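Letter by letter, the chains look like this.
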Amino acid sequence: MLSLIVESRQKDSLKFLRKNNYLPGVVYGKEIKGLPIKVGYQDFEKIYKKAGESTIINLKSKEQRAKSKEIPVLIREVQED
C-alpha cells in the first residue's frame, strides 16, 4: 500500500508553503473535522501519479512517526491554479 508522510500546518501562510515546495491540504473524515496538513510537492506528485483518485493512500504524520498511526485516505480533489 502507498504511504505519504505529511505534517500538520498551523498558521503557515500559503505563499510561504508554496515557496518552500510544500502543498497545503485538508483531510476530512468521519472522525476528522478538517485537519490542515502540508506535504512535500515532489512526494505528493510521485504518489499521485501512482494512485490517482481511486487508490487508498496511508497518511502518516511526520510528528507521530513513532506511534505509527496511519490514516487511510483517498485523494478527492486537486486544485491547480
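All of the points below concern the structure found in this document. It should be emphasised that the depicted structure is a prediction, and the values quoted were computed from it without experimental measurement.

Rules used in this analysis
Residues numbered from 1 in each chain as written. Predicted model: local features only at pLDDT ≥ 70, side-chain atom pairs only at ≥ 80, totals over all residues. Heavy atoms only, no water. Phe/Tyr/Trp six-rings, centres within 6.5 Å; stacked < 30°, edge-to-face > 60°. Helix = DSSP H or I, 4+ residues; strand = E, 2+ residues; numbered from the N terminus. Buried < 20%, exposed > 50% of the residue type's maximum accessible area, 1.4 Å probe, protein only. Lys NZ or Arg CZ within 6 Å of the ring centre and 35° of its normal.

Section: the packing of aromatic side chains
Aromatic ring pairs are reported here in terms of the distance separating the ring centres and the angle at which the planes meet. Overall, the coordinates contain 1 aromatic pair when judged by the stated rule. Relative to Tyr-48, the ring of Phe-44 lies with its centre 5.4 Å away and its plane at 10°, an arrangement referred to as stacked. Highlighted residues: Phe-44 and Tyr-48, both in helix 2 (residues 41-51), separated by 4 residues, approximately one helical turn. Overall, the relative accessible area of 13% leaves Phe-44 in the buried class. Residue classification places Tyr-48 among the partly exposed positions, given a relative accessible area of 25%. When the ring centre of Tyr-22 is taken as reference, the NZ or CZ atom of Lys-38 above it lies at 5.0 Å.

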